[in-house]
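Examining the three-dimensional arrangement
Chain residues, written in single-letter form:
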Amino acid sequence: MASPRAPRPAPDDGLSLRERKKRQTRQRISAVATRLFAARGFDKVTVAEVAEAAEVSTMTVFNHFARKEDLYLDRIPEALELFTRAVRERRRGETAAAPVRRLFLELADARHPLGGLGDTFPAFWRVILDSPALRARVREAVEELENAVTEAVAETAGARPGDPLPRLTAALTVTAYRTVVATTTARLLAGERADDAAPGHRALIETTFDALEEALRALGHPPGAPENP
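Residues numbered from 1 in each chain as written. Predicted model: local features only at pLDDT ≥ 70, side-chain atom pairs only at ≥ 80, totals over all residues. Heavy atoms only, no water.

Brief notes about the overall build of the protein
Tallying secondary structure elements over the protein gives 10 helices and 0 strands in all. The long-range fraction of contacts in the protein, counting pairs at least 24 apart against all pairs at least 6 apart in sequence, stands at 75%. As displayed, the protein offers around 11500 Å² of accessible surface, 53% of which is attributable to carbon and sulfur atoms. (Helix = DSSP H or I, 4+ residues; strand = E, 2+ residues; numbered from the N terminus. Contact = heavy atoms within 4.5 Å. Areas by Shrake-Rupley, 256 points an atom, 1.4 Å probe, with all protein chains shown as cover.)

Below, the structure is given as C-alpha cells:
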C-alpha cells in the first residue's frame, strides 16, 4: 500500500531464528520484484522471473505471497495489523478515529510508507497507475482494511449483531485516510518534494480527522468504548 523500498521498522524482537529468516526472505523477494516492476512494468514481469532474480523457486515466492500483486503491495498485512491494533487499544471514551489519527501522524512524521509521504512515492504510484491488476488489488486492500476495522470496532464497542455503526465508523475512517493519502500523492506526482508537502499533509490529517471525530460523536460513537487507561 506504500513504497516497499522505504526503510522498515525492525519488529524482529521475540522472533525465532526461523521466523527472522522467513521475514528476510520475504523482504528480499519483494525488493527484487519491486526493482523489476519499476524497470519494466508490473504486467511485463512474470513471477518466474522474480523467483530467478531472487534466487528462489517459484513455489517459495508463492509460499510468501498469495498472488503476484502482493509482491509489490507487500504492506497490506502491516496496514491491517497497525490499524486494527490502534482501534482495539484506544483510550477510554475515544472514537475509533482518534487512535487512527495518532497512528497516521506518527507514520507520516517517521516517513513510514503507510504515512503517505515520501520522495519515492511518485515512482511507486506510477507503477500502480500503469497496471489494471495493481489498481484492482489496491481496491481490494481498501475493502479488506475496512472489514478489519469494522470487526475491531464491533468487538471493542460491544456492538449488537446488525448494528450499522461499526461498519459506518470503519468506512468513514478508512475514507479519511485514503483522502489524505490521495491528496498528498497528487501533489507529489505533480513534482512537489516531500519536505515541502509535509506541513500541508500533516495539517490535512488534523483537519480531516477533526471533522471525522465530530461526525462520529454526532452519530453516537463511542458507546461502550474499551476501558483502557
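What follows picks up the thread again.
Here we look at helix H9 (residues 165–189)
Its 25 residues place the ends of H9 36 Å apart at the C-alpha level, agreeing with the 36 Å of an ideal helix rising 1.5 Å per residue. Downstream of H9 by a residue or two, Gly191 has a phi angle that is positive, lying close to 115°. (Expected span 1.5 Å × (residues − 1).)

Observations regarding the pattern of salt bridges
Between side chains of opposite charge, pairing is possible as soon as their charged atoms come close. Considering all chains together, one arrives at 18 salt bridges under this definition. The salt bridge partner of Glu49 is Arg40, with a shortest N-O separation of 3.3 Å. The partly exposed category is assigned to Arg40, whose relative accessible area is 38%. Across the pair Arg75 and Glu78 runs a salt bridge, and its minimum N-O distance is 2.7 Å. (Salt bridge = Lys/Arg side-chain N within 4 Å of Asp/Glu carboxyl O. Buried < 20%, exposed > 50% of the residue type's maximum accessible area, 1.4 Å probe, protein only.)

Observations concerning the nonpolar core
Within the largest apolar cluster, 30 residues are counted, with the highest numbers of intra-cluster contacts made by Ile29, Phe37, Val50, Leu71 and Tyr72. Contact partners of Phe37, with chain neighbours within four places excluded, come to Phe42, Val45, Val50, Lys68, Leu71, Tyr72 and Val127. (Core = buried A, V, L, I, M, F, W, Y, C linked by side-chain atoms within 4.5 Å.)

Notes on the packing of aromatic side chains
A full pass over the atoms with the stated rule returns 7 aromatic pairs. An angle of 70° between the planes, with centres 6.0 Å apart, marks the rings of Phe37 and Tyr72 as edge-to-face. Placement of the pair is Phe37 in helix H1 (residues 17–40) and Tyr72 in helix H4 (residues 69–72), with a sequence separation of 35 residues. Exposure remark for Phe37: the relative accessible area of 0% places this residue in the buried category. Take Tyr72: its relative accessible area is 0%, and that puts it in the buried class. These aromatic residues form a ring-pair network of at least three members: Phe37, Phe42, Tyr72, Phe124 and Trp125. The ring centre of Phe42 lies 4.3 Å from the NZ or CZ of Lys68, which sits over that ring. (Phe/Tyr/Trp six-rings, centres within 6.5 Å; stacked < 30°, edge-to-face > 60°. Lys NZ or Arg CZ within 6 Å of the ring centre and 35° of its normal.)

A word on unusual backbone geometry
Phi at Glu55 is positive, roughly 60°, even though this residue is not glycine. Of note, Glu55 is situated in the loop between helix H2 (47–54) and helix H3 (58–64). Despite not being glycine, Arg111 shows a phi value in the positive range, around 55°. Take Arg111: it is sitting in the loop between helix H6 (97–109) and helix H7 (121–129). With relative accessibility at 29%, the residue Arg111 sits in the partly exposed group.

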